[in-house]
Number of protein chains: 2
Amino acid sequence: VASTESELIERYFNGLGASRADVRLGIGDDAALVQVPPEDELVLTTDSLVEGVHFLAGAPARSLGHRALAINLSDIAAMGASPAWALLSLNLPSAEEAWLREFALGFGALAQRHSVALVGGNLSRGALAITVQLAGLVPRGQGLRRTGAASDDDLYVSGSLGDAAGGLACLRGQLALPASDAQFLLQRFEYPEPRVALGLALRGVASACIDVSDGLYADATRLLKAAGAGARIEIGQLPVSAALRAAHGSNAWRAALAGGEDYELCFSAPRARAAAVSAAAAQAGCAVTRIGTLVQSEGIALHSGNSLIQFSPSGFDHFRD
Amino acid sequence: VASTESELIERYFNGLGASRADVRLGIGDDAALVQVPPEDELVLTTDSLVEGVHFLAGAPARSLGHRALAINLSDIAAMGASPAWALLSLNLPSAEEAWLREFALGFGALAQRHSVALVGGNLSRGALAITVQLAGLVPRGQGLRRTGAASDDDLYVSGSLGDAAGGLACLRGQLALPASDAQFLLQRFEYPEPRVALGLALRGVASACIDVSDGLYADATRLLKAAGAGARIEIGQLPVSAALRAAHGSNAWRAALAGGEDYELCFSAPRARAAAVSAAAAQAGCAVTRIGTLVQSEGIALHSGNSLIQFSPSGFDHFRD
């Protein structure tokens, strides 16, 4: 006998993630009840993974559970907030329990590490699609925003860029690489590590922040537009992994600018806070690289030393490909 | 030139719904920032509509916008809470702007009426599916729950039952009715009115509450199981509209017990609060009917006067049909 929606939720999702004292009522009622500290603002975000768009058919369920939460954690990280409570909406063609078990393992392990409690959601039949809503907390007025960067601020990015897109290219058979390089890139695509600790450490340090989901060029452009500014970026400064360099050689910077799904943070800070940025990176245990400087003229000017470099942006967009 | 995801969000969703002073940062950043009053608990819920499961292909976009929010408002209503902030995840096969305009009209009108601000979300390509997350507020400790009903409490339901299922049957050509009856039932399916005002009025009055989404029999059973109790329900007391009676005659009570998607509230209250229940119904401007009484033995016993009536439940379930 197949299981009902309620039985599946009870079996795989009830109690998933961290146990939090501020959850008054979790899964199993019409809605969850949670307690927000009076000194905090509430941070709300949602993001989805759709088969054929954000992942290939047959993608490992454990990776999907991880990624569905990670892409939301990354939004919370970009606000400098602490993640707290998640809701999960899962559309499945059929109730394959092995799939659900693996999905819950991926989701639950990442939720545990970031103290996130799964407090509700729903299962429905449908084409495979996963939507997570994540709520977080940030002391009132201290949230990081896309707006706030000033001309002459430095521009930074965490981690390395373009790896996830490289991993996807490996999956598609578009990149032939030594196994260790391919594995590194694949791991970066399937199990991105949202920069929550870095976001927290950047409160009071970064002047503006955005997460890199559509590619650095596209997301940095959003931060710059919000500031009414542009940036001069040194392509030699773009952080590129050894695996991506093995894949793309001297063109690795192009892959770093265009590749999406890295879930790194791109942020600005006044020059005078350069030491504070380094301290935040050290505190978070996360590499941070200064890639350029904000300028008054609009757009991104790519430099290699004194040479201006041409680049056609092609950030991913769902409705204009 | 087709529009980008950002342009579509800006055009159809930015500023949708009510304008709320507690929204510090709405659509356009990595996440929204909102302010929760210190005396309140936060209520979190999510629910989805999937094409082919919750609605037929070609369903009017305005109805879908309304229903996607209504099904979440109904969960908030069942908690006795005030709705506040919504997030919307929309998977669309293509960006048809006429569809988006109608969807936004349906969503926006209902959001306005219930003081809900749309503060974030995302658009993705994919099979048509709509997920809404709704956050609400309830004074600490005053939220209504599924648990809490006691033996000898009275059992109530709002509005009339089975109409939405009747409307869907009309759409499918399974019910032939006079136009005015069909229109009434269709309206109940396409534009359900969540009982938010009733939920608020039932705080401190109802001992337990659940919304009726899968059919009264299925949802009342959940409330009763949470109480470790059963109920004696008088089938002659089940509230049935004139249109549903026109459709099903003396079997209308079966349709009332089994039909889903009505989004009425089913709740219990001690006999001593019967006058308070009437006052709550009057305050909310919403019909409420006493349909039975909780008993110590498990399950639902259906009575017609002194006769025990047989009924095979068939509440909708996604993974066991």
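Before reading on, note that the structure itself is shown above.
What comes next is a walk through the structure. The structure displayed is predicted, hence computed values, not measured ones. (Residues numbered from 1 in each chain as written. Chains lettered and ligands numbered in written order. Predicted model: local features only at pLDDT ≥ 70, side-chain atom pairs only at ≥ 80, totals over all residues. Heavy atoms only, no water.)

### Brief notes about the packing of aromatic side chains
The geometry of two aromatic rings is summed up by the distance between their centres and the angle between their planes. Here the structure, examined in full by the defined rule, presents 12 aromatic pairs over all chains. Seen in terms of ring centroids, Tyr217(A) and Phe311(A) are 5.2 Å apart; in terms of plane orientation they differ by 50°. Their pairing is tilted. Here Tyr217(A), found in helix 7 (residues 216-227), pairs with Phe311(A), found in the segment after strand 13 (307-309); they are 94 residues apart in sequence, far enough to count as distant. Here Tyr217(A) and Phe311(A) have matching classes, each one buried. What links up through ring pairs into an aromatic cluster is the set Phe13(A), Trp99(A), Phe103(A) and Phe107(A). Over the ring of Phe189(B) we find Arg67(B); its NZ or CZ atom is 4.3 Å from the centre of that ring. (Phe/Tyr/Trp six-rings, centres within 6.5 Å; stacked < 30°, edge-to-face > 60°. Helix = DSSP H or I, 4+ residues; strand = E, 2+ residues; numbered from the N terminus. Buried < 20%, exposed > 50% of the residue type's maximum accessible area, 1.4 Å probe, protein only. Lys NZ or Arg CZ within 6 Å of the ring centre and 35° of its normal.)

### Looking at the sheet that holds strand 10 (residues 264-269) of chain B
All names here are of chain B. Taken in spatial order, the 7 strands make up an open sheet running 8-10-7-11-9-12-13, and their pairing is mixed. Edge positions in the sheet fall to strand 8 (208-212) and strand 13 (307-309), since each of these pairs with one other strand and no more. Here the strands of the sheet are splayed against their neighbours by 30° on average, with no regard to which way each runs. Sheet topology places strand 7 (residues 154-158) next to strand 10; 4 bridges connect them, and they run antiparallel. By the bridge assignment, Asp154 is partnered in strand 10 with Ala269. (Pairing = 2+ DSSP bridges. Axes fitted to C-alpha atoms, helices over the stretch in contact; angles between N-to-C directions.)

### What to know about the relation of the copies chain B and chain A
Mapping chain B onto chain A is achieved by rotating through 180° and translating by 0.0 Å along the same axis, at an RMSD of 0.0 Å. The two molecules are tied by a two-fold rotation axis, judged by turn and shift. Residue Pro38(B), judged by its C-alpha, is the member of chain B lying nearest the rotation axis, at 2.4 Å. (Least-squares fit on C-alpha atoms with pLDDT ≥ 70 in both.)

### Considerations on the sheet that holds strand 6 (residues 129-139) of chain A
Strand pairing in a sheet relies on backbone hydrogen bonds, with the paired strands running either antiparallel or parallel. Reading across the sheet, the 6 strands line up as 5(A)-4(A)-6(A)-3(A)-2(B)-1(B) and stay open at both edges, with mixed pairing between neighbours. Single-partner strands in this sheet number two, and they are strand 5 (117-125) of chain A together with strand 1 (23-25) of chain B. Adjacent strand axes in the sheet meet at a mean angle of 20°, parallel and antiparallel pairs treated alike. Pairing of strand 4 (residues 82-92) of chain A with strand 6 of chain A, which is carried by 9 bridges, proceeds in the antiparallel orientation.

### Section: the side chain of Glu190(B)
Residue and element names in this part refer to chain B. By secondary structure assignment, the location of Glu190 is in helix 5 (residues 179-190). Lacking a salt bridge, the buried Glu190 has Arg67 as its closest oppositely charged neighbour, with an N-O distance of 7.5 Å. If sequence neighbours within four positions are ignored, Glu190 has contacts with Pro60, Ser63, His66, Arg67 and Leu171. (Lys, Arg positive; Asp, Glu negative; His and termini not counted. Salt bridge = Lys/Arg side-chain N within 4 Å of Asp/Glu carboxyl O. Contact = heavy atoms within 4.5 Å.)

### A look at the environment of Ile309(A)
Residue and element names in this part refer to chain A. Position of Ile309 relative to the elements: it lies in strand 13. Residues Ile309 and Leu238, 71 residues apart in the sequence, show an inter-C-alpha distance of 14 Å. Apart from residues no more than four positions distant in its own chain, Ile309 is found in contact with Ile235, Trp253, Leu302, His303 and Ser304.

### Regarding the interface of chain B and chain A
Taken together, the contact between chain B and chain A spans 68 residues of the former and 69 residues of the latter. When chain B packs against chain A, close to 5,600 Å² is buried across both sides, 54% of that on carbon and sulfur atoms. When residues of chain B are sorted by the area they lose upon contact with chain A, Asp30(B), Leu44(B) and Phe319(B) head the list and together hold 16% of the total. For Arg146(B), the salt bridge goes to Asp29(A), with nearest N and O atoms at 4.0 Å. The tally of links from chain B across to chain A stands at 16 residue pairs in polar contact (both at pLDDT 80 or more). (Buried area = accessible area lost by both parts, 1.4 Å probe. Polar contact = N/O pair within 3.5 Å; in protein donor to acceptor, adjacent residues only side chain to side chain.)

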